Amino acid sequence: MVIRHLPFLSLFTSWLCLGATLHAATPPHPGAVIYDKLCLECHGKNGEGVSGKYDEPLIGDRTLEALARKIEKTMPEDNEGACVGEDAKQVAAYIYETFYSPEAQARTRPPTQELTRLTIPQYRATVMDLIGRFHQGPGFDRPVNAETGIKGFYRGFEHPKPEEKKPEEKLAEQKKLEELQAAKAEEKVIAAAKKDLQKAIERRQREQREQEEKRKKVPHRFERLDGQIAFHFGADSPDKEKLISEEFNIRWDGSVIAEETGLYEFIIKTENGARLWVNDDRNELIDAWVSSGPDVREEKKTIYLVGGRAYRLILEHFKFKEKSASIELWWKPPHGVAEIIPQHALRTDRPQTLMIVSTNFPADDRSVGYERGSSISKAWDQATTEAAIAVAERVETSLDRFAGAKPDAPDRVEKLKKFAQLFVETAFRHPLSEEQKQLYLETHFKSAKTPEQAVKRIVLFTLKSPHFLYPDLRETEQPTDYDVASRLALALWDSIPDRKLAQAAAEGKLKTREQVQAHAWRMINDARTKAKLHGFFHHWLELEHAENTAKDPKAFPGFNDVVLADLRESLLKFIDEVVWSEKSDYRELLKADYVLLNERLGKFYGQPVKGTDFQRVSFDPKQRAGVVTHPYLLSSLAYSKQTSPIHRGVFLTRNIVGISLKAPPMAVAFDESHFNPSLTMREKITELTRNNSCMSCHSTINPLGFSLENFDAIGRWRTQDNNKPVNPVTDFADEQGKMIHLTGPRDIVNYVADNPAGHRAFIRHLFHHTVKQQIPAFGLD
């Protein structure tokens, strides 16, 4: 054995010696000496970065010529001018060839796909669909019904029919009247008789009412489709002609769509009795069944919902002898304001209960600019254990229903075993090997005291397994059809394959591009994809800043949470309109010259709009350019009283134009008191960033930010700043060193829409959000 390896070792040793000789004989790159002298301290031996100085790797997309110009103008910091001319070209060539260019990166740091766990959104969505795998009905084995509104079931009692007079009573009354008519001369007698007759009639009516109370009430029922639940019946009933107003009951039964993930506050407003169920039809979210008096009262409760799902919604309302009746169902969605639940959020379908994991997880890692499951901690391990216990308890309470078994049936244990195997295979996203069957199934059924205990253990064991927590964990080099299905579901839904996708994998029908594409198109039309895309745009446009937007009420009176919620809805509706149209085009997100406004927003932005619905309002193309100039985004990238060209410029540089920026050496707070009060914001920022060490980045940031100075702190068009004309005209150098002349936002979006760098920036953000890996790891650039 040793002898056979000697030739190889000898040859390998020779190669090492030869390499050492060649290395010793090769003169150093002329730029290396300059790099070691001027750049090494901040950028590290191989451009990897130095903590506290320049943390990010020295990599990028600039051409060699553009990189040389960048070095000549801005490097080294605090000593600009020390590396110019031929020196700048030499050090640029060394950096470019050694570690900066994409080719150098692929050579020195070959990208690999990281083994990552499920992120928090992926964990919650996966568990929800894992339990949903054993449900039937809308939202599970078929899409949710597109019909909007909710079905109302009305019950009460019919108005009592007047009692027919008996024949003998009719004859007696007729005879009495004839006698009275015959005695017209005797008026006193007639008056007394009339009085007696009136008393008799009243007595008979009283007896009739008493009999009616004793008589069985006739029920009356009807149903109808209601767009919203907002009714004020007053003293009447829902059906004045047939239904008595003293007593009736209504049950609305259907579902509500949660477009975004987060906390939803549900609100009942009524003067009567009411109960509300959301998702769980066994436990009320709000119990206001006992009426406390004649005044309208509010009952509120909050529930966490995962976006892109339909949740069962049941509301019951009853009136019993109160003077009036009314009922309204409101909600406050994430990032929104309280409103009556709109018709577009209601559905007539009645899905089964979804499994919502409410466990608190430690935040996912975002150090690379997007969420990924790379961090492991004791807190995360504890959270997955708590979540697994909650799922096991849920399975235990519905075990026979999930397994399709009956408590005393002779085949119950076999059905429980089949359920357990399907549960594990669904969680692992692939069939079990014989070894895995023994480990995850047979061992527990043999050792547990009861089959129910065995299933509970299997659920716990499965949800703590790396095969569940790490979706890309596989045993073969080449991806199988099951791996393709898993990646597709994770990318589009943050979840596991549904029945159709799992079936395609089992039949080997995910091998060709056409086969995968067919399923991708099917899955894109699912509400879960829309919810994930909302998450992407939240990430790309950095909308977390907008959630805490607050403006000075004196500077912007009336700009409140309601207006901010309208702006957010306007932006999301615009994005949906572009993304889900037949002519879906990324460039339209940038170039659209219109904004969706309702009447309230129209007043703020100088456009007459009538009605609460959002409508397209066209602007001068120089004034509006898609998402870049949407008031919601511009408001979030501004101070409470005035604009912030730096915030806007940084956003445009990184997210729209696609130029990377290093972290500033120190954070400099913008203090209004430090500037001459007569200066415009552009003049203030120019003065603030005049230092050469700042201009290495602000030579790009400032021009882009200044180009949006025609928009005030809430995104309204303006021509004056501090009683001076706004000047948005500027120039900036792109990654290739080309000078771009800007006169406003339209020039920015035209440049980006026609520039591959802008396209790559958008695709990179989308890839990171959906796949949660670096693009080069998949052989892409």
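Quick caveat: nothing in here was measured; it's all calculated off a predicted structure.

Chemist: Got a minute to help me understand the environment of Ile-150 in this structure?
Modeler: On the secondary structure map, Ile-150 appears in strand E1 (residues 150–158). For Ile-150, a relative accessible area of 0% gives the class buried. Residues Ile-150 and Asp-226, 76 residues apart in the sequence, show an inter-C-alpha distance of 5.4 Å. Setting aside its immediate chain neighbours within four residues, Ile-150 contacts Arg-224, Leu-225, Asp-226, Ile-229, Trp-252, Asp-253, Gly-254, Leu-313, Leu-346, Arg-347 and Thr-348.

Chemist: Teacher, can you tell me more about the packing of helix H13 (residues 434–447) against helix H14 (residues 451–463) here?
Modeler: The geometry of a pair of packed helices is captured by two quantities: the angle between their axes and the separation between those axes. Where H13 meets H14, the closest approach of the two axes is 8 Å, and the angle between their N-to-C directions is 145 degrees. The two elements H13 and H14 meet at a crossing, and its hand is right-handed. Taken together, the residues of H14 that come into contact with H13 (itself represented by Leu-439, Tyr-440, Leu-441, His-444, Phe-445 and Ser-447) are Pro-451, Ala-454, Val-455, Arg-457, Ile-458 and Phe-461. In terms of residue class, the contact of H13 with H14 is made up of nine nonpolar, two polar and one charged.

Chemist: What is the right way to read helix H7 (residues 120–132) from this model?
Modeler: Every α-helical turn comprises 3.6 residues, leaving residues that sit three or four positions apart pointing alike. The end-to-end C-alpha distance of H7, which contains 13 residues, comes to 18 Å, matching closely the 18 Å that a straight helix rising 1.5 Å per residue would cover. Residues of H7 that are buried: Ile-120, Gln-122, Tyr-123, Arg-124, Ala-125, Thr-126, Val-127, Met-128, Asp-129, Leu-130, Ile-131 and Gly-132.

Chemist: Help me out: how do you make sense of the environment of Phe-419 in this one?
Modeler: Its place among the elements puts Phe-419 in helix H12 (residues 412–428). Note: C-alpha distance between Phe-419 and Tyr-264 (155 residues apart in sequence) is 33 Å. Apart from the residues within four sequence positions on either side, Phe-419 is in contact with Phe-134, Val-395, Leu-399, Phe-402, Ala-403 and Val-455.

Chemist: Help me understand the pairing of strand E10 (residues 325–332) in this model?
Modeler: Along any regular strand, the residues point their side chains to alternate faces of the sheet. A large share of E10 lies buried, amounting to seven of its eight residues. One ladder, built from four bridges, connects strand E3 (residues 230–234) with E10; its direction is antiparallel. Opposite Phe-231, over in E10, you have Ile-327 as the bridge partner. In terms of strand pairing, strand E5 (residues 262–270) meets E10 through six bridges, oriented antiparallel. Residue pairing across strands places Thr-270 opposite Ile-327, the latter belonging to E10.

Chemist: I tried to follow the nonpolar core on my own but got confused; where do I start?
Modeler: Nonpolar side chains tend toward joint burial in soluble globular proteins. Judged by nonpolar contacts, the single largest core of 57 residues is most densely connected at Trp-540, Leu-541, Phe-559, Phe-574, Ile-575 and Leu-590. It is helix H20 (residues 561–579) that contributes the most residues to this core, eight residues altogether. If we skip the residues at most four places from it in the chain, Phe-574 touches Glu-588, Leu-589, Ala-592, Tyr-594, Leu-596, Gly-626 and Val-627. Ranked by size, the runner-up nonpolar core spans 43 residues in total, among them Ile-131, Val-357, Ala-383 and Ala-403.

Chemist: Looking at this structure, how should I read the confidence of the model for the protein?
Modeler: Detailed reading of the predicted model is not advised wherever pLDDT is low. Mean pLDDT over the protein: 87, with 90% of residues reaching 70 or higher. For the stretch residues 1–25, pLDDT sits under 50, and the model shows zero contacts to residues farther than four places along the chain or on other chains.

Chemist: How should the packing of aromatic side chains be read in this particular structure?
Modeler: Note on aromatic pairs: each is described by the distance of the centres and the angle between the planes. In the structure shown here, the tally under the stated rule is 32 aromatic pairs. Ring centres 6.2 Å apart and planes at 80 degrees place the aromatic pair Phe-559 and Phe-604 in the edge-to-face group. Of the two residues, Phe-559 sits in the loop between helix H19 (527–540) and H20 while Phe-604 sits in helix H22 (residues 599–604), which places them 45 residues apart along the sequence. We classify Phe-559 as buried; its relative accessible area is 10%. On the accessibility criterion, Phe-604 (17% relative accessible area) is buried.

Chemist: In this structure, what is going on with the pattern of salt bridges? I would like to understand it.
Modeler: Pairs may arise between side chains of opposite charge once their charged atoms sit close together. In this structure the tally under the stated criterion is 40 salt bridges. We note a salt bridge from Arg-297 to Glu-299, for which the minimum N-O separation is 3.7 Å. By relative accessible area, which is 29% here, Glu-299 ends up partly exposed. Where Glu-709 meets Arg-718, a salt bridge forms, and the shortest distance between an N and an O atom there is 3.2 Å. Accessibility classification places Glu-709 together with Arg-718 in one group, the buried group. Residues participating in the shared-partner salt-bridge network are Arg-251, Asp-253, Arg-275, Asp-281, Arg-312, Glu-316 and Arg-350.

Cut-off values and rules
- Residues numbered from 1 in each chain as written.
- Predicted model: local features only at pLDDT ≥ 70, side-chain atom pairs only at ≥ 80, totals over all residues.
- Heavy atoms only, no water.
- Helix = DSSP H or I, 4+ residues; strand = E, 2+ residues; numbered from the N terminus.
- Buried < 20%, exposed > 50% of the residue type's maximum accessible area, 1.4 Å probe, protein only.
- Contact = heavy atoms within 4.5 Å.
- Axes fitted to C-alpha atoms, helices over the stretch in contact; angles between N-to-C directions.
- Left-handed = near helix turned anticlockwise from the far one by under 90°.
- Nonpolar A, V, L, I, M, F, W, Y, C, P; charged D, E, K, R; others polar.
- Expected span 1.5 Å × (residues − 1).
- Pairing = 2+ DSSP bridges.
- Core = buried A, V, L, I, M, F, W, Y, C linked by side-chain atoms within 4.5 Å.
- pLDDT = per-residue confidence, 0-100.
- Phe/Tyr/Trp six-rings, centres within 6.5 Å; stacked < 30°, edge-to-face > 60°.
- Salt bridge = Lys/Arg side-chain N within 4 Å of Asp/Glu carboxyl O.

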